[in-house]
Amino acid sequence: TSSSENVTGSFGKGFGFGLGLGYMFTENIGAEASFSMLFGSKIKTTYSNDLGTSGNDEIKSSIMRITPALKVTGGEKLKPYAKFGLVVGVGAKGTETLNLNGVGFTYKETDKYSGGTSIGWMGAFGVDFELSEMLGIYVELNSINQTWAPEKNDWSITQSGVISESESGTQTFVDKISGTQSSSTIFHVDNQALKSYNPFSSFGIQIGAKLSFGGSN
């Protein structure tokens with residue numbers, strides 16, 4: 001007897017910080033390049049059955065984003081604006097930990113995903129508040145549409161109890177698998193698997209300070 005329920009979420013949920021550089025070509029049109037680091041929140045699922053087995057699975061991730069964008073703005077002291085651009089993700093990492101406990105055994109699996117780049121797009125609406133000629137603050141609502149497909153998984157598995165075993169290895173992710181697959185001798189983890197595209201999308205609010213040089217900002 002068992003029951004299942006989806007747990008949904010995105011690796012893009014979490015806390016981030018960054019730095020942006022921009023240049024206004026005219027009073028209303030400019031370009032911006034921002035660099036940010038995202039530390040994703042944990043996504044957790046639980047498992048249990050009537051045979052006495054229970055456990056949980058936790059996934060967390062991080063990614064650095066480079067975002068070139070076009071900015072359109074207007075106004076004087078209070079300047080509403082819109083931004084649209086690309087999102088390039090580099091250095092993405094993900095860690096998944098599965099723990100199971102049952103009658104006479106414990107099982108732990110750790111998967112460390114890495115590699116691969118990620119390209120998406122972003123859109124934002126915000127307001128610049130000028131405090132002086134050089135200093136201002138901004139409040140922004142932004143949406144990012146992004147996925148990530150890791151290149152490899154460094155995994156380790158440990159089981160104790162009636163049967164005590166442990167093993168580790170590296171699994172690579174590819175677009176096509178053909179031929180003979182080698183696998184671990186204990187847990188039968190293939191050395192290759194098809195790529196899986198994981199969501200890094202988000203919708204959030206950003207608040208920051210802005211320094212302006214050269215007059216027009």
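As the structure is a computational prediction, the values presented were derived from the model and not from experiment.

Asks: Any chance you could break down the overall build of the protein for me, citing the residues and the numbers?
Replies: A count of helical and extended segments in the protein gives zero helices and 14 strands. Along its sequence from the N terminus, the protein presents helices and strands in the succession β-β-β-β-β-β-β-β-β-β-β-β-β-β. The C-alpha atoms of the protein give a radius of gyration of 23 Å, which is well past the 17 Å a tight globule of 217 residues would have. If one aligns the C-alpha atoms of the protein with their principal axes, the spans along those axes are about 75 × 40 × 25 Å. A buried classification covers 34% of the 217 residues belonging to the protein. Sequence-distant contacts, at least 24 apart, represent 60% of the contacts inside the protein between residues at least 6 apart. In the form shown here, the protein has an accessible surface area of approximately 13300 Å², with 59% of it arising from carbon and sulfur atoms. Charged side chains in the protein number 16 positive and 20 negative. The centres of these two groups are separated by 5 Å.

Asks: An account of the pairing of strand β11 (residues 165–174) is requested, with residue identities and associated values reported.
Replies: In this sheet, β11 lies alongside strand β10 (residues 152–161) in antiparallel orientation, the contact comprising eight bridges. Along β11, the bridge assignment pairs Thr158 with Ser166. Linking β10 to β11, which pair antiparallel, is a turn of three residues. Judged from the three bridges that link them, β11 and strand β12 (residues 192–194) form a sheet pairing that is parallel. Of the residues in β12, the one forming a bridge with Thr172 is Gln192.

Asks: Can you lay out the pattern of salt bridges for me, pointing to particular residues and giving the numbers?
Replies: Where charged atoms of side chains with opposite charge meet at close range, the side chains can pair. A complete count under the given rule lists nine salt bridges for this structure. For Lys42, the salt bridge identified is with Glu58, shortest N-O distance 3.4 Å. Here Lys42, found in the loop between β2 (29–40) and β3 (43–48), pairs with Glu58, found in strand β4 (residues 54–73); they are 16 residues apart in sequence, far enough to count as distant. For Glu58, a relative accessible area of 23% translates into the label partly exposed. Three or more residues are tied together by salt bridges with common partners; here these are Glu32, Lys83 and Glu140.

Asks: Quick rundown of the environment of Glu109? Include the residues and the values.
Replies: Tracing the chain through its elements places Glu109 in strand β6 (residues 105–114). When the C-alpha atoms of Glu109 and Ala92 are compared, they prove to be 20 Å apart, with 17 residues separating the residues in sequence. Non-local contacts of Glu109, meaning those with residues more than four positions away in its chain, are made with Glu96, Thr97, Leu98, Ser156 and Ile157. Within the structure, the side chain of Glu109 is placed 3.0 Å from the side chain of Tyr107, a separation counted as a polar contact.

Asks: Residue-level account of the packing of aromatic side chains, with values.
Replies: For the structure on display, the rule yields six aromatic pairs. A centroid spacing of 5.6 Å and a plane angle of 65° characterise the contact between Phe11 and Phe200, whose relative ring orientation is edge-to-face. Within this pair, whereas Phe11 is found in the segment before β1 (14–24), its partner Phe200 is found in the loop between β13 (198–199) and β14 (202–211), the two being separated by 189 residues in sequence. Seen from their ring centres, Phe17 and Phe39 are 6.2 Å apart, and the 25° between their planes marks the pair as stacked. A residue pair is termed long-range when its members are at least 10 positions apart, and Phe17 in strand β1 and Phe39 in strand β2 qualify at 22 residues. On the basis of relative accessible area, Phe39 is assigned to the partly exposed category, the value being 42%. Ring-pair connections join several aromatic residues into one group, and the members of that group are Phe11, Trp148 and Phe200. Here Lys71 stacks its cationic end above the ring of Tyr81, 4.4 Å away from the centre of that ring.

Asks: Before we move on, could you go through the side chain of Ser114 and cite the residues and values that matter?
Replies: Structurally, Ser114 is set in strand β6. Judged by relative accessible area, which is 18%, Ser114 ranks as buried. Setting aside anything within four residues of it in sequence, one finds Ser114 in contact with Ala92, Trp148, Pro150, Glu151 and Lys152.

Asks: Can you break down the pairing of β2 residue by residue, with the values?
Replies: Summarising the sheet, β1 and β2 pair through 11 bridges and their orientation is antiparallel. Following the sheet pairing, Phe15 is matched in β2 by Phe39. Adjacent in sequence and paired antiparallel, β1 and β2 are bridged by four residues. Pairing of β2 with β4, which is carried by 11 bridges, proceeds in the antiparallel orientation. Bridge pairing in β4 places Phe39 opposite Ser62.

Cut-offs and rules
Residues numbered from 1 in each chain as written. Predicted model: local features only at pLDDT ≥ 70, side-chain atom pairs only at ≥ 80, totals over all residues. Heavy atoms only, no water. Helix = DSSP H or I, 4+ residues; strand = E, 2+ residues; numbered from the N terminus. Rg over C-alpha atoms; globule rule 2.2 N^0.38 Å. Buried < 20%, exposed > 50% of the residue type's maximum accessible area, 1.4 Å probe, protein only. Contact = heavy atoms within 4.5 Å. Areas by Shrake-Rupley, 256 points an atom, 1.4 Å probe, with all protein chains shown as cover. Lys, Arg positive; Asp, Glu negative; His and termini not counted. Charge placed at Lys NZ, Arg CZ, Asp CG, Glu CD. Pairing = 2+ DSSP bridges. Salt bridge = Lys/Arg side-chain N within 4 Å of Asp/Glu carboxyl O. Polar contact = N/O pair within 3.5 Å; in protein donor to acceptor, adjacent residues only side chain to side chain. Phe/Tyr/Trp six-rings, centres within 6.5 Å; stacked < 30°, edge-to-face > 60°. Lys NZ or Arg CZ within 6 Å of the ring centre and 35° of its normal.

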